[in-house]
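The residues making up each chain are set out below.
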Amino acid sequence: FKLLTCETQDIIVGWMGYKFITTKRCFYMTTIVSIDNIALRECKSLLKLWSVCDLNPKLEIQWSSRMKTTLGLAYPNRSMIRLNKALANKKNRTLLLEAICHELAHLVIHDIYGISVKPHGSEWRSLILKAGYEPRISIPKIELIQVPE
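Here the structure is a predicted model, which is why all the values come from computation and not from measurement.

1. Side note on the sheet that holds strand S6 (residues 80-84)
Taking strand neighbours across the sheet as the criterion, the three strands line up as S4-S6-S5 in an open arrangement whose pairing is mixed. Because the sheet does not close on itself, it has two edges, and the strands there are strand S4 (60-64) and strand S5 (72-75). Strand after strand, the sheet turns through a mean of 20° between neighbouring axes, direction not considered. In terms of strand pairing, S5 meets S6 through four bridges, oriented antiparallel. Looking at the pairing, Tyr75 lines up with Met80 of S6. Across the sheet, helix H2 (residues 93-113) is in contact with S4, S5 and S6; its angle to S6 comes to roughly 155°.

2. Notes on unusual backbone geometry
Its identity is not glycine, yet Ser51 carries a phi of approximately 55°, on the positive side. Along the chain, Ser51 turns up in the loop between helix H1 (26-49) and S4. Among the residues examined, Ser51 registers a relative accessible area of 59% and is labelled exposed. Residue Ser79 is not a glycine yet carries a positive backbone phi of 50°. Note that Ser79 resides in the loop between S5 and S6.

How each quantity is defined
- Residues numbered from 1 in each chain as written.
- Predicted model: local features only at pLDDT ≥ 70, side-chain atom pairs only at ≥ 80, totals over all residues.
- Heavy atoms only, no water.
- Pairing = 2+ DSSP bridges.
- Helix = DSSP H or I, 4+ residues; strand = E, 2+ residues; numbered from the N terminus.
- Axes fitted to C-alpha atoms, helices over the stretch in contact; angles between N-to-C directions.
- Contact = heavy atoms within 4.5 Å.
- Buried < 20%, exposed > 50% of the residue type's maximum accessible area, 1.4 Å probe, protein only.

Now the structure itself:
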């Protein structure tokens, strides 16, 4: 698992593949790291629940401020999940956990079955249900609380 980290006073953050360096905004970046820790714990918990703890040893979670119409994307060949930055808002915590579950299930299904199954097929749905979520493919935009620019 790859997390954003704070090194001394400079913080280097991988955001949509670019690197931003800041020295004065440690509080904001620390908040993002805290959200990453929540995401990491949720991923580990789900992998354990699904009895696939040995899968995705190099899982990477990225945050995107460019996502406007989706909450997350899974990149199975890269073992990466990209999440909408709006999910970092504490008010979106329930949606964050659901989005992590949704995208991680895609990675797990890909690791187990390859490309021979549908992205939202019965295998994916069974993982979502086991985690206690409704297997929905999209979430109404009204449920998401936007992050101020």
